[in-house]
Amino acid sequence: MHQPSLFNEQSSDSIRLKDAELEYWPVFLSDKEAGGYLSKLLKVTDWQTETIRIAGVERLVPRLTAWYGEPGASYSYSGVLHHPTAWNQELLTLKKQIEQCCGESFNSALLNLYRNGKDSVAWHSDDEPELGQQPIIASLSLGAPRSFQLKHKKDPHLRHKLTLTSGSLLVMRGDTQQCWSHQVPKEPAVTEPRINITFRNIVTNSNQ
Ligand SMILES: O=C(O)CCC(=O)C(=O)O
Ligand SMILES: [Fe+2]
């Protein structure tokens, strides 16, 4: 289904999956705009190397991460509490554009840098209590196209795969996080970097 958006010229596709609400804008930003943001954010972002503990063993997370947002939008993942870095101009501009497009507001963003195809994110859902009951997550991709896979938690044969291209926007709503997991698998043939930014709304004392 191809629907023109009310707010910009780009059109979005609804991805029809049981127990999920997914909307995909293949060209939210032009190639040129996306390339500009990619090179700027590669440079200015406060990239961190995180560790996670799996079965008692500390391991490096196979990507770099950064957490931005309003003061107070703290978020714990992998057992660590993250305080946000203040928004920069690029992220504020993107946040505004995305908010207008999808009619939601966000107070924080998680940035992931996949340096090449050896970097990845394993199966998970973004269902931390700080994100509220039915989290709305807007995921912007810049750089190398990567595969994004979804798997139904109760019906694991139900799967879906899409390629997130540079400048694309994927919005996940409703029961998507509760009912589905997602991952970005390793793709050894990919040599170029990719940044993914997920805009999120952390429930804080002032906005609940
Ligand atoms: O890189 C992506 O497309 C997804 C990242 C992701 O799932 C996350 O940050 O929670
Ligand atoms: Fe995620």
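Values in this document were obtained by computation on a predicted structure and should not be read as measured data.

Student: Which residues make up the UniProt feature "domain: Fe2OG dioxygenase" (unreviewed entry) in the chain, and what values go with them?
Tutor: With numbering matched to this structure, UniProt assigns "domain: Fe2OG dioxygenase" (unreviewed entry) to residues 105-203. Helix makes up 4% of residues 105-203 and strand 48%, whereas the separation of the span's terminal C-alpha atoms amounts to 12 Å.

Student: Tell me about the coordination of the iron ion (ligand 2), residues and numbers included.
Tutor: Those donors, His 124 (NE2), Asp 126 (OD) and His 182 (NE2), are the protein atoms that reach the iron ion (ligand 2), and they lie 2.1 to 2.2 Å from it. Donor residues binding the iron ion (ligand 2) come from one chain and are separated in sequence as H-x1-D-x55-H. Placement of the pair is His 124 in strand S10 (residues 121-124) and His 182 in strand S15 (residues 180-184), with a sequence separation of 58 residues. For His 182, a relative accessible area of 5% gives the class buried.

Student: Describe the packing of aromatic side chains, naming the residues involved and giving the relevant values.
Tutor: Aromatic ring pairs are reported here in terms of the distance separating the ring centres and the angle at which the planes meet. If you walk through the whole model with that rule in mind, you get 3 aromatic pairs. Between Trp 87 and Phe 199, the aromatic rings sit 6.2 Å apart at their centres with planes inclined by 25°, giving stacked as the arrangement. Of this pair, Trp 87 sits in the loop between strand S8 (80-82) and helix H2 (89-102) while Phe 199 sits in strand S16 (residues 194-200), and the two are 112 residues apart along the sequence. The two residues Trp 87 and Phe 199 agree in class, both being buried. When the ring of Phe 106 is compared with that of Phe 199, the centres are 6.3 Å apart and the planes differ by 50°; the resulting orientation is tilted. Of this pair, Phe 106 sits in the loop between H2 and strand S9 (108-114) while Phe 199 is found in strand S16, placing the two residues 93 residues apart along the sequence.

Student: Would you mind going over the site of ligand 1 in detail, with residue names and values included?
Tutor: Around ligand 1, a shell composed of 13 residues is seen, among which Asn 112, Tyr 114, His 182, Arg 194 and Arg 200 lie nearest. Tyr 114 places a polar side-chain atom, nitrogen or oxygen, 2.6 Å from an oxygen atom of ligand 1. At a separation of 3.0 Å, an oxygen atom of ligand 1 approaches a polar side-chain atom of His 182. Protein coverage of the free-state accessible area of ligand 1, which is 300 Å², stands at 97%.

How each quantity is defined
Residues numbered from 1 in each chain as written. Chains lettered and ligands numbered in written order. Predicted model: local features only at pLDDT ≥ 70, side-chain atom pairs only at ≥ 80, totals over all residues. Heavy atoms only, no water. UniProt positions renumbered as here; feature names shortened; annotations may be inferred. Helix = DSSP H or I, 4+ residues; strand = E, 2+ residues; numbered from the N terminus. Donors = N, O, S within 2.8 Å, 3.2 Å for Na, K, Ca; no water. Buried < 20%, exposed > 50% of the residue type's maximum accessible area, 1.4 Å probe, protein only. Phe/Tyr/Trp six-rings, centres within 6.5 Å; stacked < 30°, edge-to-face > 60°. Near = heavy atom within 4 Å. Polar contact = N/O pair within 3.5 Å; in protein donor to acceptor, adjacent residues only side chain to side chain. Areas by Shrake-Rupley, 256 points an atom, 1.4 Å probe, with all protein chains shown as cover.

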